[in-house]
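Topology and contacts: notes
Chain residues, written in single-letter form:
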Amino acid sequence: MGIQVKLLPFCHNILYLCKFNRFAQHFNLKSQIPNSETVQEKYIDETKQGEAFAIAEKTGNSKKLFLESYGCQMNFSDSEIVASILNDQGYNTTLKVEEADLILLNTCSIREKAEQTVRMRLAQFKNLKKERPNMTVGVLGCMAERLKTKFLEEEQLVDLVVGPDAYRDLPNLLKETEDGRDAINVILSKEETYADINPVRLGGNGVTAFVTITRGCDNMCTFCVVPFTRGRERSRDPHSILEECRSLWESGYKEITLLGQNVDSYLWYGGGPKKDFAKASEMQKATAVDFSKLLDSVAKAVPQMRIRFSTSNPQDMSLDVFRTMAKHDNICNYCHLPVQSGSNRMLEAMNRQHTREEYLELIRKAKEIVPDISFSQDMIIGFCNETEEDHQDTLSLMREVEYDYGYMFSYSERPGTPAHKKMEDNIPADVKQRRLAEVIALQGELSRKRMQGYVGRVHSVLIEGISKKNKNQWKGRNSQNAVCVFDMLEGQKLGDIVDVFVFDNTQGTLLGETVK
Ligand code: SAM
């Protein structure tokens with residue numbers, strides 16, 4: 001069992017958080033997060049890439065762990081599991097890389113740039129390793145899984161390579177490295193959900209937390225490396241999810257995000273990969289829990305907790321999820337629904353399993369069921385054979401949906417994916433760049449318009465931190481996930497949910513004042 005450390009950075013001085021390395025500047029200039037006051041909810045927050053976190057020291061622990069995370073929110077959440085496992089093995093986290101006994105990089109493979117960033121970081125550790133030969137350097141996560149032994153051979157200073165399903169094996173692997181041997185475990189599991197490990201909350205605000213509900217992905221989108229690096233899709237026992245949610249509420253958390261590569265695909269029938277559901281007994285099938293049922297149970301179990309979920313995939317999203325959202329006031333009216341392209345030709349090439357029309361119909365029905373709902377998107381620009389017409393389809397779909405914001409990426413070919421094997425990455429870089437700039441510009445217009453729509457109304461806002469631009473202002477989000485800043489009033493504190501009248505907006509931020 002892991003330990004749980006409460007992190008309430010503003011109320012209690014037990015969190016030491018620093019942006020150790022701001023790789024964001026060169027991490028991926030091709031993506032954009034329009035919200036100017038970003039909050040931790042983003043499932044890929046480029047500003048957090050390469051961030052190192054430390055938590056309060058556990059007495060008796062003498063070894064130092066430096067843990068840096070890259071990539072999606074799943075990786076940041078996995079780092080909390082790793083920290084919990086290693087906390088029980090005598091390691092306290094540190095922000096000083098030069099004093100670390102163990103350096104771990106939790107890595108991402110989603111785009112080539114993400115891998116280059118990690119390689120650059122590893123190169124920086126080379127001198128340090130010369131000075132401190134006993135220090136162990138390990139690579140965790142998707143790059144570890146993708147490159148396996150190559151990592152030990154190519155990056156000469158790496159001693160330890162651990163895939164996303166092998167973190168429980170870390171204590172044994174570390175014994176190997178202590179004995180001077182390289183250690184590797186990249187076995188993907190069909191069962192592992194780390195359900196019983198209580199993650200330590202690294203670098204949070206003590207108010208919002210992520211609760212992992214699924215691991216892996218079965219969707220096989222042709223561009224995506226995730227099924228190969230994170231394995232088959234499996235769901236976590238709902239009892240352990242509800243337990244974690246209740247425990248978070250008792251620890252003072254006010255908002256949770258149910259997390260997975262594809263949360264709508266959640267299916268608990270007693271454990272095991274989703275693909276084996278067909279082989280389950282009649283009893284298992286009859287008592288199975290899908291995502292809408294899980295969402296309903298979570299909303300009831302923690303009735304005052306705000307609830308969000310991420311990420312959804314349109315092919316797995318059901319209207320029951322939106323009906324559950326409409327039923328419970330504590331489920332936020334927001335859905336991140338990546339579409340990747342507005343062109344049917346591209347959707348088919350990407351193996352997205354739905355058409356543009358089906359996606360738009362899903363959005364139309366969702367808006368009927370949850371009238372105040374907001375949507376955000378992921379788009380891949382310049383996928384194999386994308387024509388100007390396909391690109392125009394993406395722009396027109398964006399106009400139809402009117403997303404609040406989005407994450408937009410140039411297509412990056414990933415080794416081993418179906419697209420890499422069977423298609424040509426044939427859109428010239430300058431064309432990708434130009435189309436991406438057009439998509440980003442349009443999203444900017446749409447974001448501004450959507451933010452304007454929130455002006456002149458009172459919004460329920462959870463106070464999540466202090467505004468980056470003005471230390472006398474709070475920042476938080478409304479139900480639709482729009483970031484709102486407003487002057488602090490006496491008596492208000494982090495974690496309060498307050499009524500805020502929004503009187504103005506920028507492209508990504510609402511400007512408001514507390515309703516007295
Ligand atoms: N559930 C999401 C979905 O519906 O596709 C998957 C989340 S994926 C881990 C995060 C995002 O990274 C994707 O939505 C996609 O926009 C982007 N992405 C994945 N593979 C990519 C690639 N090869 N090149 C560029 N962007 C990519």
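None of the values given here were measured: they were computed from a predicted structure.

**Here we look at the overall build of the protein chain**
A tally of regular secondary structure across the protein chain gives 16 helices and 23 strands. The proportion of buried residues among the 516 residues of the protein chain is 61%. The long-range share in the protein chain, meaning contacts at least 24 apart out of those at least 6 apart in sequence, stands at 74%. Put simply, the protein chain shows about 20200 Å² of open surface, and 50% of that area lies on carbon and sulfur atoms.

**As for the sheet that holds strand β17 (residues 374-381)**
If you trace the three strands from one edge of the open sheet to the other, you get β16-β17-β18, paired in parallel fashion. Each edge of the sheet is formed by a strand with only one pairing partner; in this case those strands are β16 (334-336) and β18 (405-410). Each neighbouring strand pair of the sheet contributes to a mean axis angle of 10°, computed without reference to strand direction. Pairing of β16 with β17, which is carried by three bridges, proceeds in the parallel orientation. For tyrosine 334, the partnering residue across the bridge sits in β17 and is serine 374.

**A closer look at the side chain of asparagine 75**
Take asparagine 75: it is sitting in helix α2 (residues 73-87). Classification of asparagine 75 as buried rests on a relative accessible area of 1%. For asparagine 75, the side chain forms a polar contact with the main-chain oxygen of threonine 107, separated by 2.7 Å. Apart from residues no more than four positions distant in its own chain, asparagine 75 is found in contact with Ser69, Tyr70, Asn106, Thr107, Cys108 and Arg230.

**A closer look at the site of the ligand**
Around the ligand lies a shell of 19 residues, among which Gln261, Gln340, Arg352, Asp378 and Ser412 are the nearest. Asparagine 313 places a polar side-chain atom, nitrogen or oxygen, 3.3 Å from an oxygen atom of the ligand. Coverage of the ligand by the protein amounts to 96% of the 570 Å² it exposes when considered alone. Of all elements in the fold, only β17 and β18 reach the threshold of two or more residues within the shell around the ligand. Taken together, the residues of the shell around the ligand sort by class into eight nonpolar, seven polar and four charged.

**Topic: the sheet that holds strand β9 (residues 208-212)**
Taken in spatial order, the three strands make up an open sheet running β9-β12-β15, and their pairing is parallel. Looking along the sheet, the strands with just one partner apiece sit at the ends: β9 and β15 (306-310). Across this sheet, the average inter-strand angle for adjacent strands is 25°, counted without regard to direction. Both strand β12 (residues 255-259) and β15 contribute to a ladder of five bridges, which runs parallel. By the bridge assignment, leucine 259 is partnered in β15 with serine 310. Sitting on the sheet, helix α8 (residues 238-250) touches β9 and β12, and the angle it makes with β9 is about 170°.

**Regarding helix α16 (residues 429-453)**
Along an α-helix, residues three or four apart share an orientation, since each turn contains 3.6 residues. For α16, which comprises 25 residues, the first-to-last C-alpha distance of 36 Å matches the rise-based estimate of 36 Å (1.5 Å per residue) to within 8%. Along α16, the residues classified as buried are Val431, Lys432, Arg435, Leu436, Val439, Ile440, Leu442, Gln443, Gly444, Leu446, Ser447 and Met451.

**Some thoughts on the environment of aspartate 316**
Considering the arrangement of structural elements, one finds aspartate 316 in the loop between β15 and α11 (319-327). For the pair formed by aspartate 316 and asparagine 262, sequence separation is 54 residues and the distance between their alpha carbons is 8.0 Å. With sequence-adjacent residues up to four places away left out, aspartate 316 is seen in contact with Asn219, Asn262, Asp264 and Ser265. For aspartate 316, the side chain forms a polar contact with the side chain of asparagine 219, separated by 3.2 Å.

**Let's talk about the packing of aromatic side chains**
All told, the structure shown has eight aromatic pairs when counted by the stated rule. For the pair phenylalanine 223 and phenylalanine 383, a centre-to-centre distance of 6.4 Å together with 80° between the ring planes defines the contact as edge-to-face. Placement of the pair is phenylalanine 223 in the loop between β10 (214-215) and α7 (226-230) and phenylalanine 383 in the loop between β17 and α14 (388-401), with a sequence separation of 160 residues. With respect to burial, phenylalanine 223 and phenylalanine 383 carry one shared label: buried. Note on tyrosine 405 and tyrosine 407: the rings are 6.0 Å apart at their centroids and 75° apart in plane angle, and the pair reads as edge-to-face. When its relative accessible area of 3% is taken as the criterion, tyrosine 407 is described as buried.

Scoring rules and cut-offs
- Residues numbered from 1 in each chain as written.
- Predicted model: local features only at pLDDT ≥ 70, side-chain atom pairs only at ≥ 80, totals over all residues.
- Heavy atoms only, no water.
- Helix = DSSP H or I, 4+ residues; strand = E, 2+ residues; numbered from the N terminus.
- Buried < 20%, exposed > 50% of the residue type's maximum accessible area, 1.4 Å probe, protein only.
- Contact = heavy atoms within 4.5 Å.
- Areas by Shrake-Rupley, 256 points an atom, 1.4 Å probe, with all protein chains shown as cover.
- Pairing = 2+ DSSP bridges.
- Axes fitted to C-alpha atoms, helices over the stretch in contact; angles between N-to-C directions.
- Polar contact = N/O pair within 3.5 Å; in protein donor to acceptor, adjacent residues only side chain to side chain.
- Near = heavy atom within 4 Å.
- Nonpolar A, V, L, I, M, F, W, Y, C, P; charged D, E, K, R; others polar.
- Expected span 1.5 Å × (residues − 1).
- Phe/Tyr/Trp six-rings, centres within 6.5 Å; stacked < 30°, edge-to-face > 60°.

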